[in-house]
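# A structural walkthrough
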Amino acid sequence: MSDHEVLCLGEAMVLVTPRQGRPLATAGEATLSVAGAESNVAQYLADLGHRVAWASRVGSDPLGDRVLSAVARPGVDVRHVERDPSAPTAVYFKDPSRADGTRVHYYRSGSAASLLTPAYLDTLPVAAVRLVHLSGITAALSPGCARTATALFDRAREAGVLRSFDVNHRPALWRGEDAAAPLLALARDADVVFVGLDEAAEVWGTTTAEEVRDLVGPSVSVVVKNADIGAVLFEPGAEPGVFVPAEPVDVVEPVGAGDAFAAGYLSAWLRNEPPAERLRLGHRVAAFALGSVEDHADATSLRRPAAGPDGTVR
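The structure reproduced in this document is the subject of the present report. These numbers were taken from a predicted model, which means no experiment stands behind them. (Residues numbered from 1 in each chain as written. Predicted model: local features only at pLDDT ≥ 70, side-chain atom pairs only at ≥ 80, totals over all residues. Heavy atoms only, no water.)

### As for the sheet that holds strand E7 (residues 91–95)
Spatially, E3-E2-E7-E8 is the arrangement adopted by the four strands of the open sheet, whose pairing is mixed. Edge positions in the open sheet fall to strand E3 (30–35) and strand E8 (103–107), since each of these has one partner strand only. Strand-to-strand, the axes of this sheet are offset by a mean angle of 25 degrees, without reference to chain direction. Sheet analysis places strand E2 (residues 13–18) next to E3, joined by six bridges and oriented antiparallel. Bridging from a neighbouring strand, Met13 pairs with Ala35 of E3. The sheet strands contacting helix H2 (residues 62–72) are E2, E3 and E7, and the helix crosses E3 at an angle near 65 degrees. (Pairing = 2+ DSSP bridges. Helix = DSSP H or I, 4+ residues; strand = E, 2+ residues; numbered from the N terminus. Axes fitted to C-alpha atoms, helices over the stretch in contact; angles between N-to-C directions. Contact = heavy atoms within 4.5 Å.)

### Regarding the pattern of salt bridges
Where charged atoms of side chains with opposite charge meet at close range, the side chains can pair. Tallying each qualifying case throughout the model produces 19 salt bridges. Put simply, Arg83 and Asp65 hold a salt bridge, and the shortest N to O gap is 2.8 Å. Remark: Asp65 occurs in helix H2 and Arg83 occurs in strand E6 (residues 82–84); sequence separation between them is 18 residues. The exposure class assigned to Asp65 is partly exposed, which follows from its relative accessible area of 43%. Note that Arg163 is salt-bridged to Asp191, the shortest N-O span being 3.1 Å. Within this pair, whereas Arg163 is found in strand E10 (residues 162–166), its partner Asp191 is found in the loop between helix H5 (180–188) and strand E11 (192–196), the two being separated by 28 residues in sequence. (Salt bridge = Lys/Arg side-chain N within 4 Å of Asp/Glu carboxyl O. Buried < 20%, exposed > 50% of the residue type's maximum accessible area, 1.4 Å probe, protein only.)

### Considering the packing of helix H6 (residues 197–204) against helix H7 (residues 209–216)
For the pair H6 and H7, the least separation of the axes is 10 Å and the interaxial angle reads 55 degrees. The pairing of H6 with H7 is recorded here as oblique in orientation. As for the relative orientation of H6 and H7, their crossing is left-handed in sense. In this structure, H6 contributes Leu197, Ala200 and Trp204 to the contact, and H7 contributes Ala209, Val212, Leu215 and Val216. (Parallel < 35°, antiparallel > 145°, perpendicular 65-115°, else oblique. Left-handed = near helix turned anticlockwise from the far one by under 90°.)

This is the structure in structure tokens:
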């Protein structure tokens, strides 16, 4: 039996950010931090009191040390992460102070995490957790990562483990490939899907939350987020959807807010809380991310009473 409730799989990287909002081309100083969609979710779930493991691969390099230290700091178990002596830990850079907003530049081709294969899953406690979580970013990294994502959901389904999927469409990572079909296949294979209304329009051509629900299918819980307006949840066999407005917040930076929202929703689900409360906690955790320049902002103040193995609050 696993010590974990949740297993998150995906790449984390070292993030380089110029100080004082300077452009990357002229900045003299920068700060280093750690970021990654699935590792963000893992850290927020740990903040909220859950037993969570993050699985991935990093290089046998100082940046890999930094990634493991940062992800483990909130209490995430990183013992299943593989170290690769011949492939590097991925890095990306923020370029602020641009007229069209902050841009990011990725250096993750050939990274240790991009070399994931389904064989890696043999080392993970997939059948012993309550929930597995990944995002569309993982599937975009390489053909091996795409196969690993599909295999993770296959193994989880066979074991009766809930599958959570955040679409997280990143066009640049797909190298000009059509992302619509692989992302839709993973969404339809999940139990709960998170997707922004804007990204669904970009990748699938849908225009309303109801169209997204119809496209993904009737057997999946679909959460459609609409920026600062709110989020709607469509559950199988339930009509209409449940809508909860977003909380007012002074936005410092939106990066990481979707991961925080997913963690809040999943935390409430693990505690068997009703649909509206799942969305409400998602918004509350997202507000922490929106108010910070970091991908992970400490959300331990939202921690609730501990839940037993079946999700019942003690």
